[in-house]
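Breakdown of the fold
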Amino acid sequence: MPESPLAYASDITVRYGARTVLDQVSLTVSEGEIVTLIGPNGAGKSTLVRVILGLMRPQAGSVGRRKGITLGYAPQRALIDPVLPLSVERFLTLGVRATRAQLEAVLVEVGVAHVLESPVQAVSGGEFQRVLLARALLRDPDLLILDEPVQGVDVRGQEELYALIRRVRDRRGCGILMVSHDLHLVMAATDRVVCLDRSVCCSGEPGAVSNDPAYRALFPRATAELALYTHHHHEAGSPCAICHLREEKDHG
């Protein structure tokens, strides 16, 4: 008999007054699987994450997790008082028990061992996203939930973070549920994509979703970028086409 998923959501409906935010949305996340939620702003991605975490009760549908599993969660953003004297070491241990050796080890795992004693406010955007990931990993999770884990990071940094997340899955064997806006950057790091716009528009392997008419209608501009990315990215001796285009734009 196949093992039950780590977490599931079945026919979830969430309304804020007369506005429907999620309409009969279903998904599962299994052990060792990376599932990515994509969709435009306001599509209901973060709401679905809150439902799966048990932070919000839907008006209809059901949600569940395998008995005894541990969750690790990295939020989309963390608001920290700019004048609060808070080191990365102290931030990591807020609500989590860990020895200094454990803190050092997890920061090595995510590639920012050098920031342990730095003020949180002094680290870069990419470093802080890795610190958030490290904090979630301190719980040794069976299921890791990452809400926009590349928020505020440049394109090259996003690719590095997605590669890191895949290595974390490979090393730890945990299931991962991610939220993202862009398929073309996350496609190499995910096993399955769920395209959401209040309801599930399409789902499946990244390549299948990228060719789905529903995805193309929802992201017409991204479809063109994805075609370039798929053709050019990581060719021998060739730069990423998307990075090149965006660098040209950034430099006028």
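For the structure, see preceding data.
The following paragraphs examine the structure supplied in this document. Please read all numbers here as calculations on a predicted model, not as lab measurements.

**Some details on the sheet that holds strand E5 (residues 71–74)**
A sheet is described by the order of its strands in space; here six strands give the open sequence E5-E6-E7-E3-E8-E9, paired in mixed fashion. In the strand order of this sheet, the two ends are held by E5 and strand E9 (199–204), each with one partner. Across this sheet, the average inter-strand angle for adjacent strands is 15 degrees, counted without regard to direction. As defined by bridge partners, strand E3 (residues 34–38) adjoins strand E7 (residues 175–180) across five bridges and the pair is classed as parallel. When the bridges of E7 are listed, Leu37 appears paired with Val179. Lying over the sheet, helix H5 (residues 155–172) contacts E3, strand E6 (143–147) and E7, oriented at roughly 165 degrees with respect to E7.

**Some details on the packing of aromatic side chains**
Per the counting criterion, the structure on display carries two aromatic pairs. Ring centres of Phe91 and Phe128 lie 5.7 Å apart, and the angle between their planes is 40 degrees; this geometry places the pair in the tilted category. Of this pair, Phe91 sits in helix H2 (residues 88–92) while Phe128 sits in helix H4 (residues 125–137), and the two are 37 residues apart along the sequence. Accessibility expressed as a relative area gives 13% for Phe128, which makes it buried. Lying across the ring of Phe91, Arg135 places its NZ or CZ 5.5 Å from the centre.

**A look at the packing of helix H3 (residues 100–110) against H5**
Angle between the axes and distance between the axes are the two parameters that describe a pair of packed helices. For the pair H3 and H5, the least separation of the axes is 10 Å and the interaxial angle reads 125 degrees. What the angle tells us is that H3 and H5 run oblique. Note on element contacts: H5 touches H3 through Leu164, Val168, Arg171 and Arg172, opposite Val106, Glu109 and Val110. Of the residues belonging to the contact of H3 with H5, the class tally is four nonpolar, no polar and three charged.

**Some remarks on H5**
Every α-helical turn comprises 3.6 residues, leaving residues that sit three or four positions apart pointing alike. The first and last C-alpha atoms of H5 sit 26 Å apart over 18 residues, in line with the 26 Å expected at 1.5 Å per residue. Positive phi appears at Gly173, one or two residues downstream of H5, with a value of about 75 degrees.

**Details of the environment of Arg66**
By secondary structure assignment, the location of Arg66 is in the loop between strand E4 (60–65) and E5. Taking the C-alpha atoms as reference points, Arg66 and Asp142, 76 residues apart in sequence, are found 9.8 Å from one another. Discounting chain neighbours no more than four positions away, the residues touching Arg66 are Glu3, Ser4, Pro5, Leu6 and Glu31.

Reading the values: rules and limits
- Residues numbered from 1 in each chain as written.
- Predicted model: local features only at pLDDT ≥ 70, side-chain atom pairs only at ≥ 80, totals over all residues.
- Heavy atoms only, no water.
- Pairing = 2+ DSSP bridges.
- Helix = DSSP H or I, 4+ residues; strand = E, 2+ residues; numbered from the N terminus.
- Axes fitted to C-alpha atoms, helices over the stretch in contact; angles between N-to-C directions.
- Contact = heavy atoms within 4.5 Å.
- Phe/Tyr/Trp six-rings, centres within 6.5 Å; stacked < 30°, edge-to-face > 60°.
- Buried < 20%, exposed > 50% of the residue type's maximum accessible area, 1.4 Å probe, protein only.
- Lys NZ or Arg CZ within 6 Å of the ring centre and 35° of its normal.
- Parallel < 35°, antiparallel > 145°, perpendicular 65-115°, else oblique.
- Nonpolar A, V, L, I, M, F, W, Y, C, P; charged D, E, K, R; others polar.
- Expected span 1.5 Å × (residues − 1).

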